[in-house]
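The lines below spell out each chain.
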Amino acid sequence: MPKDWRALPAYLALAYILGCFCSITVAQVMLVLMAIVFLLGDPRWIHRGLRASPRTYGLWNLLLVGWTVVTATWALEPTRAWHHTRKLMFWAPPILLAALVTRYGAPFRKAWLYALTLGGVITSGVGLLQYVWIGHGTIERRVTGLLSHYMTLGGMLSVVFLIVVASLWLDRLRWWLAGAAVLTGTVLVLSLTRSAWLGTLAGLTVLASLRGWQKATRLVLTCGVLGLAVFWLAPPVLSYRLEHFFSPSEVSNRMRLWLWEMGLRVVRDCPWLGTGPDQMPYIYDNYRLPTMPEGEVQAHFHDNLLQMAVERGLPGLVIWLGWYFSGLQWLRVRYRQVEAPFEKALAAGLLAAWVSLGVAGLFEYNFGDSEVLMLWLTLPAWIIPDEGA
């Protein structure tokens, strides 16, 4: 990439990715600056970004944004719903990034990998310090790194870990990347976020399957042995999380079952337009099950699919599924198309990360987590073909 003012949008884009791990305010400032520079510099690049983006995936994005606006208009409390739609601005970076990827190609992708890894290492380092010296190693007080919540940390580190592992496995060994994988993987475990663990396991399974089932079997066996070692050597709080992974008697598992039952009741009453985005305070008391604790309003339903159905109705759920699987298909196709080792590894890592976020979202509303969403939406843009390819 050139080192003059013409490459300023690219450096702002890298700062945006880094900001997702350190400060959402910084990331949003970088987004605004990037958009301004694009508009004042050469607005035609925005059109090129739109043209380079996958059409089917782009159409589902447009439908999802449009339907969100419709459901916010007809929400139970429109003011709160419209305030929530500020997150729609997170759909702008993928377009701008697509333009930059087509313009700068592999050098910009490599710079993104470095920024992503650096962000993961910085917040993991802070998380490790929290665990070792501040005592953030209990269920009540978990590590968060520089992020707002331990579940946010788990989701972000899952993405970094899988992309770094793919680069090591499918491209070539770099010791600094290996160190980053060890650090992010360790803090991912220490976050005690079971949904992120399941997502990471699904992502690793995807990576293993891409190398053939013989190597996949070896990876599964290796992970099994390591898992048993972790189980026996882990601190008590980690052993407890593993022992009660799916136990219905565990408090958070029981609350999820209650919330899922409650959410299905809401969907039955509001099947078409839903309640509108972010309406939990207005429906909780009316649909709360008798067994659920009083005076404690949960923020969401801990499931992407159910949250979409509740907030945006069944049409919104269909649109979200179309968005997710079109993105999955795009990444799968690009993995088959690219040939260079770096691009092949990057496509594999992005595909694994996409699967990881989808699986984790079956147990957590990670699509509503701002930092995770900001990173999630950018994933397909990084493997768009270079200009003239």
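Here we summarise the structure given alongside this text. Only a predicted model underlies this, so the values are computations on that prediction, with no experimental measurement involved. (Residues numbered from 1 in each chain as written. Predicted model: local features only at pLDDT ≥ 70, side-chain atom pairs only at ≥ 80, totals over all residues. Heavy atoms only, no water.)

## So, the pattern of salt bridges
A complete count under the given rule lists eight salt bridges for this structure. Measuring nitrogen to oxygen at the nearest pair gives 3.6 Å for the salt bridge that ties Arg109 to Glu343. Of this pair, Arg109 sits in helix 7 (residues 106–134) while Glu343 is found in helix 16 (residues 341–360), placing the two residues 234 residues apart along the sequence. For Glu343, a relative accessible area of 13% puts it in the buried group. One salt bridge connects Arg312 with Glu311, and the closest N-O pair in it is separated by 2.8 Å. Residue Arg312 is classed as buried on the basis of its relative accessible area of 6%. A single network of salt bridges, built from pairs that share partners, joins Arg109, Glu343 and Asp386. (Salt bridge = Lys/Arg side-chain N within 4 Å of Asp/Glu carboxyl O. Helix = DSSP H or I, 4+ residues; strand = E, 2+ residues; numbered from the N terminus. Buried < 20%, exposed > 50% of the residue type's maximum accessible area, 1.4 Å probe, protein only.)

## What to know about the packing of helix 8 (residues 150–170) against helix 9 (residues 175–190)
Helix 9 packs onto helix 8 with a crossing angle of 150 degrees between their chain directions and a minimal axis gap of 9 Å. In this view, helix 8 runs roughly antiparallel relative to helix 9, as classed from their interaxial angle. Of the two elements, helix 8 crosses helix 9, and the hand of that crossing is left-handed. Residues Leu153, Gly154, Leu157, Ser158, Val160, Phe161, Val164, Val165, Ser167 and Leu168 of helix 8 lie in contact with helix 9, whose contacting residues are Leu177, Ala178, Ala181, Thr184, Gly185, Val187 and Leu188. Along the lines of polarity and charge, the residues of the contact of helix 8 with helix 9 split into twelve nonpolar, five polar and no charged. (Axes fitted to C-alpha atoms, helices over the stretch in contact; angles between N-to-C directions. Parallel < 35°, antiparallel > 145°, perpendicular 65-115°, else oblique. Left-handed = near helix turned anticlockwise from the far one by under 90°. Contact = heavy atoms within 4.5 Å. Nonpolar A, V, L, I, M, F, W, Y, C, P; charged D, E, K, R; others polar.)

## Overview of the state of the cysteines
Counted by the stated rule, this structure contains zero disulfides. Looking at Cys22, it has no disulfide partner, and the nearest cysteine sulfur is the one in Cys20, 9.4 Å off. (Disulfide = S-S within 2.5 Å.)

## Some points on the packing of aromatic side chains
Scanning the model with the defined rule gives 22 aromatic pairs in all. Considering the side-chain rings of Tyr324 and Phe325, the 5.3 Å spacing of their centres and the 85 degrees angle between planes classify their relative orientation as edge-to-face. Tyr324 gets classed as buried once you look at its relative accessible area, which sits at 9%. You can call Phe325 partly exposed: its relative accessible area is 47%. Aromatic rings pair up to connect Tyr57, Trp91, Trp320, Trp323, Tyr324, Phe325, Trp354, Phe367 and Trp376 into one cluster. Between the NZ or CZ atom of Lys110 and the centre of the ring of Phe342, over which it lies, the distance is 5.5 Å. (Phe/Tyr/Trp six-rings, centres within 6.5 Å; stacked < 30°, edge-to-face > 60°. Lys NZ or Arg CZ within 6 Å of the ring centre and 35° of its normal.)

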